[in-house]
Every structure is written in C-alpha cells, then in structure tokens.
Amino acid sequence: MSEAELLRQLDEKLRQLSVEGLWSEASDADMATYSKDPHTTVLPHVWKWQDLYDAIQTVGNMHGLDGKAERRVLRLINPAYQGNKNRRQRTTTHTMLMTMQLLKPGEVAQDHRHNFAAFRFILKGSGAYTIVEGEKIPMEEGDLILTPSMTWHGHRNGGEPVVWLDGLDNPLLFLLQVITWEAFTGGLQPLKNDADCVAPRVGLARPVWEKSPERPSYNLRYQWKDTYETLKRLSGGPGSPFDGVALEYVNPTGGHTMPTLSCGIQMLRRGETTQTHRHNSSTIYHAFRGSGTTVINGEKFDWERGDCFVVPLWSWHSHRNRSNEEETILFSTSDMPVMEALRLYREEPGEGA
Ligand code: 1HN
C-alpha cells in the first residue's frame, strides 16, 4: 500500500476517533489563515441612506408592531455574510450588528432585556423615548442612548415617526455562546422615581453619600447639543491626524462607552483629509452630516449623508471630507474595547504618517 493510501486510512480512522492530524488537508487550509497579519472575512461596504430609509418606510406602511415583530428593524448584512445559513451569523461585522429601526406615532416596542449590549443613535424625528431600567430617556436627533447588558428596555412614541440606528454586540456573544434574552412580563415596566435614576449620578456634580462602587457604571443618554458643542469648540485645534476632531463617548469613570462597544463621533473639517492607519478593531460608520470618501486598502468608498459603511479590521483607511463648504460628521461604533480588554489591541500608522 502506498504511503498516501496508508495516511488516508489513518486519517479516516482518526476521524472516527474525533481527532485529526495537523498534516491533513483541512488543517493546511486552516494554516493559510495564520500569518503575520490578522485575517478577516469582513468586507468593506456602503449602505445607502435612501435604500434603507425607503425599505423601513415600506415595512412601516405594511404592518404595525403587534404580532409581526417586536421591533421594526432592518439589519445591515455584510456582503461576506449574506450567504450564511444561520440568521445569527448574518451580521454587519463578525462582532457587531447594526440595524435601522422605525417607531411610528403611538407605537410601543415591548420591554425586554438581554446580556448583549445595545445603543441607539437617533437619526430623524422627535417625540419618542426609550425606557431603560424604569428611566425615561427622550430620543432627539443626534442623541446617543445606551441599553447596557441586562438593562430592561422598551421604546414608546408620542410624537412623529422616529428613525434610529441600533448597534449591538450580539454576534460576539453568539460566538461566545453566552447569549440570553428575556421578555418583561406583566405589562410595561414601571417608571422609577427621579431620585433612583442614573442621570443625576453621572454628571460632574454627584451625590456625596454614594461612593464609587455604588455609582452607575454607565451613562444612558449623550445629548446631541452637548456633543456638537464639544466638537465645535475643539474644531479650531489640531484634532487627531487619523480621525479629525474625534470624540469617544465615555462612561462615568472615563472608560469606553460599554465593555464591548465603543461609540464615537468625529468632525472632518472642510476639505480635511486624514492620514492612513489601521487597527485590529472593526468600525461601523454613519454619515450623520455631510459627505466624504473613505479609502480602504486603496479602494475608494464614497458616502453621502445618512449612509452607513464598514471598515474591516486591519485595513488601511483614511477619510476625506469632499466638501470645501460643509463640515462632515461621522458617528461610529467599534469593537475596540474587546481587543483592548483581551490585551490584543494593535494599531499602526501608515507610511508617511
Ligand atoms: C433589539 O432588542 C432592539 O431593543 C433593536 O430596540 C435591534 C437587533 C437584534 C436583536 C435585538 C431593540 C435588535 C434587537
């Protein structure tokens, strides 16, 4: 018997024993993804505002929230994951899911909680609010609202149709096989007294009778007027060479927005082009104001107001505001806190940076 045939028989026997030699073909293919640089399956992609907005309006005109779905949500699927059989693996990046949600006047999105973290970034409309752990959080354009892991949350709308983006870390928790989800039973969650809310504990003037371990580990609402004011005031300074006037939404201790997700907002000033860099965290962007071009591994991706796009991990990228008249503002979310917590975070400036 030839050596190849002997090996084939051995491999077959090993397969039955649920073991495999590092010499087998399958392992060879696996080894090809080991290299000096990280290997990602995430593809860069742009989702156009008009396509998403038209689709969510169409669904909104077709049915209400009762029965059909708990949330009227459109999931942004990375082209690389479009073919995945399991819906849980049809995600925006390997670690994050971004969705667009529409809540119409008078609608109630039922309360639930889960161990995956989520946030909302409000795009359009006024008069809706989210209840997080009994705290009523108004949703206004440009606000960032968090629903950290295991917080009860539901949405209500007493105003105009409201559209927002949700960002979630559920693909990561799915991968870790630790996902949990539960519905709130017995109607709607009750509202808390003001004195029990997070909001009066996370500013720079805080209750003296509460010490750090008792303080909330998260903020719930970052209002657009404050965020924009900060951007404007810093816009006369140098900013980051890679991101322009870039801010991270921090938690009350100064750490990342949430343990698994960082949220950011950046202004690219008129005509501003950033320097190229790369890092092993992935980012999902939303063009909140203005228009621009992001070069990802040498390929140009144009985006306009309202578009969303993905920059996969370890890809070289730089941003440009295409307008010489208007500032551009990008909202973003990234899985950087995960890499950092695991001591895996790496970043590199591009040539000439
Ligand atoms: C979810 O619970 C919300 O609470 C939005 O508004 C989007 C996408 C996947 C899984 C759960 C929400 C979601 C979601």
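Scroll up to find the structure this text is about.
Predicted, not measured: the structure shown is a model, and the values here were computed from it.

(A) Main features of the sheet that holds strand β4 (residues 108-114). Read across the open sheet, the five strands follow the order β7-β6-β9-β4-β11; overall the sheet is antiparallel. Only two strands of the sheet have a single partner each, and these edge strands are β7 (135-139) and β11 (181-183). Sheet twist, expressed as the average angle between the axes of neighbouring strands with direction ignored, equals 25°. With three bridges connecting them, β4 and β11 associate as antiparallel partners. Its bridge partner lying in β11, Arg113 is registered against Glu182.

(B) How the structure looks around a nonpolar patch on the surface. Taken together, the side chains of Leu7, Leu10 and Trp23 present a nonpolar region at the surface, about 270 Å² in accessible area. As for its placement among the helices and strands, Trp23 is situated in the loop between α1 (3-16) and α2 (25-31). Judged by its relative accessible area of 45%, Trp23 falls in the partly exposed class.

(C) Spatial organisation of the nonpolar core. Core analysis: the largest hydrophobic core is formed by 36 residues, its most contacted members being Phe119 and Leu144. If you tally residues by element for this core, the top one is helix α3 (residues 49-62), at four residues. By size, the runner-up hydrophobic cluster in this structure holds 15 residues, among which are Ala109, Val162, Trp164 and Val202.

(D) α1, seen in detail. The first and last C-alpha atoms of α1 sit 20 Å apart over 14 residues, in line with the 20 Å expected at 1.5 Å per residue. In the segment just after α1, Ser18 is the residue with positive phi, at about 60°.

(E) Expanded view of the environment of Pro312. Take Pro312: it is sitting in the loop between β19 (308-311) and β20 (317-321). The sequence separation of Pro312 and Gly158 amounts to 154 residues, and the corresponding C-alpha distance is 38 Å. Those residues in contact with Pro312 that lie beyond four places of it in its chain are Thr40, Val42, Leu43, Pro44, Ser282 and Ile296.

(F) Focus on the site of the ligand. By nearness alone, 14 residues border the ligand, and Arg71, Gln101, His112, His153 and His155 come closest of all. Between the ligand and the protein, one listed contact pairs an oxygen atom with a side-chain N or O atom of Gln101 at 3.0 Å. Within the side chain of His155, an N or O atom sits 2.7 Å from an oxygen atom of the ligand. For the ligand, the protein covers 87% of the area, taking 330 Å² as the surface of the free molecule. When residues of the shell around the ligand are traced back to their parent elements, those giving at least two are β3 (97-103), β4, β9 (153-157) and β10 (162-168). At three residues, β3 tops the list of elements feeding residues into the shell around the ligand. Within the shell around the ligand, the residues separate by chemical class into four nonpolar, seven polar and three charged.

(G) View of the pattern of salt bridges. Per the stated rule, a full pass over the model turns up 18 salt bridges. Here Lys36 and Asp37 are joined by a salt bridge, their closest N and O atoms 3.9 Å apart. Overall, the relative accessible area of 25% leaves Asp37 in the partly exposed class. It is possible to trace a salt-bridge network through shared partners that takes in Lys48, Asp302, Glu304, Asp307 and Arg322.

(H) Up close: unusual backbone geometry. Even without being a glycine, Gln177 presents a positive backbone phi close to 60°. Position of Gln177 relative to the elements: it lies in the loop between α4 (170-175) and β11. The phi dihedral of Arg343 is positive, around 60°, even though this residue is not glycine. Take Arg343: it is sitting in the loop between α6 (336-341) and β22 (347-349). What makes Arg343 exposed here is its relative accessible area of 72%.

Cut-offs and rules
Residues numbered from 1 in each chain as written. Predicted model: local features only at pLDDT ≥ 70, side-chain atom pairs only at ≥ 80, totals over all residues. Heavy atoms only, no water. Pairing = 2+ DSSP bridges. Helix = DSSP H or I, 4+ residues; strand = E, 2+ residues; numbered from the N terminus. Axes fitted to C-alpha atoms, helices over the stretch in contact; angles between N-to-C directions. Patch = residues over 30% accessible without salt bridge, like charges linked within 9 Å, V, L, I, M, F, W, Y side chains within 5 Å. Areas by Shrake-Rupley, 256 points an atom, 1.4 Å probe, with all protein chains shown as cover. Salt bridge = Lys/Arg side-chain N within 4 Å of Asp/Glu carboxyl O. Buried < 20%, exposed > 50% of the residue type's maximum accessible area, 1.4 Å probe, protein only. Core = buried A, V, L, I, M, F, W, Y, C linked by side-chain atoms within 4.5 Å. Expected span 1.5 Å × (residues − 1). Contact = heavy atoms within 4.5 Å. Near = heavy atom within 4 Å. Polar contact = N/O pair within 3.5 Å; in protein donor to acceptor, adjacent residues only side chain to side chain. Nonpolar A, V, L, I, M, F, W, Y, C, P; charged D, E, K, R; others polar.

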